[in-house]
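# Remarks on the overall topology
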Amino acid sequence: MDSYDLIVIGAGPGGYVCAFRAAQLGLKVALVEKRATLGGTCLNVGCIPSKALLHSSEHVAFAKSHAATHGIKLGSVEIDLPVMLKRKDEVVAKNVGGLAMLAKARKVAVLTGTASFVSATEIVVAGVADPGKTGSTSPATTITAKNFVIATGSAPVELPFMKFDGTTVVSSDHAIAFPEVPKKLVVVGGGAIGLELGSVWSRLGAEVTVVEFLPKIIATYDDDIVRNFTRLLQKQGLRIEVGAKVTGFANGVLTAERGTEKLSFPADKVLVAVGRRPYTDSLGLDRAGVQLDDKKRVKVDDHLRTTAKNIWAIGDVVAGPMLAHKAEEDGAAVAEWIAGKAGHVNWDLVPAIVYTHPEVASVGLGEDAAKAKGLAVNIGKFNFAANGRAIAADLTDGYVKIVADAKTDKILGAQILGANAGELISEVVTHMEYGGSAEDLGRTIHAHPTMSEAIKEAGLAVSKSAIHAL
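No experiment lies behind these values; they were computed from the predicted model shown.

Within strand S6 (residues 141-150), seven of the 10 residues are buried, which leaves the element mostly enclosed by the surrounding structure. Summarising the sheet, strand S1 (residues 2-9) and S6 pair through seven bridges and their orientation is parallel. If you follow Ile9 over to S6, its bridge partner there is Ile150. With four bridges joining them, strand S5 (residues 122-126) and S6 adopt antiparallel strand pairing. The residue bridging Glu122 from the neighbouring strand is Thr144, located in S6. Both S6 and strand S17 (residues 311-313) contribute to a ladder of three bridges, which runs parallel. From the neighbouring strand, Val149 faces S17, where its bridge partner is Trp312.

Here we come to the packing of helix H1 (residues 13-24) against helix H9 (residues 324-338). Contact geometry of H1 with H9 gives a least axis separation of 7 Å together with a crossing angle of 30°. The orientation of H1 with respect to H9, classified from their angle, is roughly parallel. For the pair H1 and H9, the sense of crossing is right-handed. In this structure, H1 contributes Pro13, Gly14, Tyr16, Val17, Cys18, Arg21 and Ala22 to the contact, and H9 contributes Ala324, Ala327, Glu328, Gly331, Ala332, Val334, Ala335 and Glu336. Looking at the contact of H1 with H9 residue by residue, the classes come out as 10 nonpolar, two polar and three charged.

To continue, consider the packing of aromatic side chains. One pass over the structure, following the stated rule, counts three aromatic pairs. A centroid spacing of 5.6 Å and a plane angle of 50° characterise the contact between Tyr16 and Phe20, whose relative ring orientation is tilted. Residue Tyr16 and its partner Phe20 are located together in helix H1, separated by four residues, close to a single helical turn. Using a relative accessible area of 13% as the deciding quantity, one classes Tyr16 as buried. Judged by relative accessible area, which is 7%, Phe20 ranks as buried. Between Phe117 and Phe148 the ring centres are 5.2 Å apart and the planes differ by 65°, which places this aromatic pair in the edge-to-face class. With Phe117 in strand S4 (residues 114-119) and Phe148 in strand S6, this pair connects stretches of sequence that are 31 residues apart. In terms of burial, Phe117 and Phe148 fall into one category: buried. Of note, Lys28 hangs over the ring of Tyr4, and the distance from its end group to the ring centre comes to 5.0 Å.

As a further point, take the side chain of Thr306. Within the secondary structure, Thr306 is located in the loop between helix H8 (285-288) and S17. From its side chain, Thr306 meets the backbone nitrogen of Ala308 in a polar contact 3.0 Å long. Among the polar contacts listed, one links the side chain of Thr306 to the backbone oxygen of Ile311, at a separation of 2.9 Å. Each residue touching Thr306, except ones within four places of it in the same chain, is listed here: Val290, Val298, Lys299, Val300, Ile311, Trp312 and Ala313.

On the surface, a nonpolar cluster with roughly 300 Å² of combined accessible area is contributed by Phe62, Ile72, Leu74 and Val77. Note on placement: Val77 falls in the loop between helix H3 (47-65) and helix H4 (81-105). We classify Val77 as partly exposed; its relative accessible area is 31%.

What the five strands build is an open sheet, ordered S8-S15-S9-S10-S11; its pairing is parallel. Single-partner strands in this sheet number two, and they are strand S8 (169-170) and strand S11 (239-241). Here strand S9 (residues 184-188) runs beside strand S10 (residues 207-211); their pairing, made up of five bridges, is parallel. Its bridge partner lying in S10, Val186 is registered against Thr209. Running at roughly 165° to S10, helix H6 (residues 192-203) makes contact with S9, S10 and strand S15 (269-272) of the sheet.

Here we come to the pattern of salt bridges. Throughout the structure, instances matching the rule amount to 22 salt bridges. The partner of Glu336 in a salt bridge is Arg21, and the shortest N-O contact between them spans 2.9 Å. Of the two residues, Glu336 is situated in helix H9 and Arg21 in helix H1; the sequence distance between them amounts to 315 residues. Between Glu158 and Lys163 there is a salt bridge, with the nearest N and O atoms lying 3.8 Å from each other.

Summed over all chains, the structure comprises one disulfide. With a sulfur-sulfur separation of 2.4 Å, Cys42 is cross-linked through a disulfide to Cys47. On the sign convention where negative is left-handed, the bridge of Cys42 and Cys47, at about -130° about the S-S bond, is left-handed. Residue classification places Cys47 among the partly exposed residues on the basis of a relative accessible area of 28%.

Another aspect to go through is the packing of H3 against H6. Orientation of H3 relative to H6, taken along the N-to-C sense of each, is 40°, at an axis distance of 9 Å. Comparing their axes, H6 and H3 come out oblique. Where H3 crosses over H6, the two elements pack in a sense that is left-handed. Where H3 approaches H6, its residues Ser50, Lys51, Leu53, Leu54, Ser57, Glu58, Val60, Ala61 and Lys64 are matched on the opposing element by Glu196, Leu197, Val200 and Arg203.

Cut-off values and rules
- Residues numbered from 1 in each chain as written.
- Predicted model: local features only at pLDDT ≥ 70, side-chain atom pairs only at ≥ 80, totals over all residues.
- Heavy atoms only, no water.
- Buried < 20%, exposed > 50% of the residue type's maximum accessible area, 1.4 Å probe, protein only.
- Helix = DSSP H or I, 4+ residues; strand = E, 2+ residues; numbered from the N terminus.
- Pairing = 2+ DSSP bridges.
- Axes fitted to C-alpha atoms, helices over the stretch in contact; angles between N-to-C directions.
- Parallel < 35°, antiparallel > 145°, perpendicular 65-115°, else oblique.
- Left-handed = near helix turned anticlockwise from the far one by under 90°.
- Contact = heavy atoms within 4.5 Å.
- Nonpolar A, V, L, I, M, F, W, Y, C, P; charged D, E, K, R; others polar.
- Phe/Tyr/Trp six-rings, centres within 6.5 Å; stacked < 30°, edge-to-face > 60°.
- Lys NZ or Arg CZ within 6 Å of the ring centre and 35° of its normal.
- Polar contact = N/O pair within 3.5 Å; in protein donor to acceptor, adjacent residues only side chain to side chain.
- Patch = residues over 30% accessible without salt bridge, like charges linked within 9 Å, V, L, I, M, F, W, Y side chains within 5 Å.
- Areas by Shrake-Rupley, 256 points an atom, 1.4 Å probe, with all protein chains shown as cover.
- Salt bridge = Lys/Arg side-chain N within 4 Å of Asp/Glu carboxyl O.
- Disulfide = S-S within 2.5 Å.

In structure tokens form, the structure reads like this:
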């Protein structure tokens, strides 16, 4: 029976980072993954393939709607969907292949199969692939370890009255691989996943309707950000229906209610993107002494240790935002704690991004949330329409908003609506990590001309000192 210092169950961003970091620190590590490839949902059917499709479809939108403005004359723009999907698959293959190489280089043992606990120190891995025979499986393998990390991620939430069939009612896993562009796509859920994939298929020619139960899409963002973002999506052709409760789908029609109003939306595909649930099924956690909370998330302490002292849990299976970069930080910190090092995660500074065009990004407290807490804040805004690089690049939609404490000027949060918002937010996260002020942000030199200058100007705007705004 093989024995390890650490066994990580799940090879998504949290799991593989944890395993790699632990191996760097000298531990003997095994990584158990039920997929044939590493990377979990994110690299195989989530973050990476969706971003590949977003990027490709942005080229289509540019060619159709913006090329002529730049003096580029094109004939009819045709979509070769099989080639686009093939490129997406190649992007995925390159990423997961890179992880396999890293695992080998770090001497991390990779076992393919499903894991379940026998006790707090022993698991059974069923259906381990036989490396000598393609497509075959070997008998279940029992392995032991001093420490375990549960990193099994999450799965799409399924509506009980509208089960996934993989063809008509689909999850995000299926919506990255439609064999043809749907004529009418209804997206149930106005969060990041639904809006991103809705944008992809809208750009490729689908008539897309987003149906959201809450009064606004991307509900955690400030009202002004959402209002402007909604307007931009509608301008791109997406139909946005908020405050609508879905009641069913039959005969090619999705039905919903908004108060006493009855709504109906014809659809040949329905993408259900109402959230994700922690994947803790079939792990035998009770046999290891690991407890779950009322939402079936693994209970952990401030160091991500479970109710079993030698077992930790990270990423989507614990409370907190279900984001790949949060899981990665969890994984690195846990590996360091297990190795006796000083791991660090600042869960208050996990950025969130919607990868549409334009993007939306946030960190910390928004203006609405800060005021709801009764905090006295100063707000600095700067429009990309006044940024030289944005004007040159025809990327003037949106703005940067900085939220700072009214007394200390400490940055409490930021929200950005605009092109490359996901890249730009990182600078604000960095300043917030050391407790920086809006003035610190405004006095930091930014190269000109860059869109990042909008960050500087928004920092200056907190004290009404922006140079390029009235």
